[in-house]
Amino acid sequence: MSGSELASRHIGDFQVTALSDGNMAASLELLSGIDSAIAGDIQREAGITDAGNIHIHGYLIRGHGHTVLVDSGTGGLNNSGGMLQNSLAAVGVSPEDIDTVLLTHGHPDHIGGLLDAQGLPVFTQAEVYLHPLEIEHWLDDNKYQQASERAQRNFALFRRTLDAYAQRINVLGDDTVVRGITPIWLPGHTPGHTGFRIDSREKSLLIWGDIVHFPHIQTAIPAVSIAFDTDPVQAEATRKKLFEQVAKENLLIAGMHLGKPGFAHLVEAKDGYRIVYLEE
């Protein structure tokens, strides 16, 4: 992979690059609010031949003297993804160059790349930021006890990661962490699920995390949720409100499960929206 293959956009003083972490398998059966056959039709109409295969992104933000990573991919957990460090190397960035890690939330495909095979921090020079409700959620022993065995492994990973970065964990508040990058609370997928917005005179970008997992399906039918949502009702409400705002403001969007181009716009279509990648 060469750096030229990774999509980048300039937003004001920042350069934002979509870092591919590879793919993960996610069955359409995980979706609710839609028949799997219809979901498969939408995928095929969008040119997606492997309907249950979704992409994983992290995003690199450079500007104002900072090198920022938004999410870290899977780290190769569960035989998924694990390509993010290769993507960083392709644009000439080493883990030691990262001074700030912004986390959208605590699921394994977003924090798995923070630890190496020995359980040590990969980004040794970085301060790590996430929403306080996210920390509260993953440290809640009652929620851990009530979780499935697979979900308990997710809780355990988050806790190991928090311990490994203990001296450099910071909570997101109303103040910007890096000048020009604003955290936006987008609850539902997880309690502290957070997006990050960059504004300039010419255009604005919103990295919206996991607002969608199957972009073509969930933009066409915003009521569709996925089993990974902690609060599906709240996730749907957040998604619908955000879609309306994104379309109205013509925001450039980036998301951890968008297709490989990594950047897109939303346009209104029928009762929902249509995602339009910038390369189209």
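Since the model is a prediction, treat every value here as computed from it, not as a measurement.

Residues Leu 88, Ile 98, Val 101 and Phe 123 are the most contacted members of the largest nonpolar core, which totals 26 residues. Secondary-structure elements contributing two or more residues to this core are α2 (84-90), β7 (127-130), α4 (132-138) and α6 (149-164). If one sorts the elements of this core by residue count, α6 sits on top with 4 residues. Ile 11, Phe 14, Val 16 and Ile 198 belong to the second-largest nonpolar core, a separate cluster that totals 21 residues.

So, on to the environment of Asn 78. With respect to the helices and strands, the residue Asn 78 is situated in the loop between β5 (66-70) and α2. With relative accessibility at 62%, the residue Asn 78 sits in the exposed group. Separated by 127 residues in sequence, Asn 78 and Leu 205 have C-alpha atoms that sit 31 Å apart.

A separate point is the pairing of strand β1 (residues 8-11). Pairing of β1 with strand β2 (residues 14-25), which is carried by 4 bridges, proceeds in the antiparallel orientation. Looking at β2, one finds that Arg 9 is bridged to Val 16. Hairpin connection from β1 to β2: 2 residues lie between these consecutive antiparallel strands, with Gly 12 at a positive phi of about 60 degrees.

A few words on unusual backbone geometry. For Asp 71, which is not glycine, the phi torsion reads 70 degrees and is therefore positive. Tracing the sequence through the fold places Asp 71 in the loop between β5 and α2. Taking the relative accessible area as the measure of exposure, Asp 71 reaches 0% and is therefore buried. One non-glycine residue, Asn 79, adopts positive backbone phi at about 60 degrees. Relative to the helices and strands, Asn 79 resides in the loop between β5 and α2.

Right, let's talk about the sheet that holds strand β9 (residues 181-185) for a bit. A sheet is described by the order of its strands in space; here 6 strands give the open sequence β9-β10-β11-β13-β14-β15, paired in mixed fashion. Only two strands of the sheet have a single partner each, and these edge strands are β9 and β15 (272-277). With strand direction ignored, the average angle separating the axes of adjacent strands in the sheet is 35 degrees. Sheet analysis places strand β10 (residues 194-199) next to strand β11 (residues 204-207), joined by 4 bridges and oriented antiparallel. Within the sheet, the bridge partner assigned to Arg 197 lies in β11 and is Leu 206.

Calculation notes
Residues numbered from 1 in each chain as written. Predicted model: local features only at pLDDT ≥ 70, side-chain atom pairs only at ≥ 80, totals over all residues. Heavy atoms only, no water. Core = buried A, V, L, I, M, F, W, Y, C linked by side-chain atoms within 4.5 Å. Buried < 20%, exposed > 50% of the residue type's maximum accessible area, 1.4 Å probe, protein only. Helix = DSSP H or I, 4+ residues; strand = E, 2+ residues; numbered from the N terminus. Pairing = 2+ DSSP bridges. Axes fitted to C-alpha atoms, helices over the stretch in contact; angles between N-to-C directions.

Scope: geometric values only; no functional claims are made or implied.
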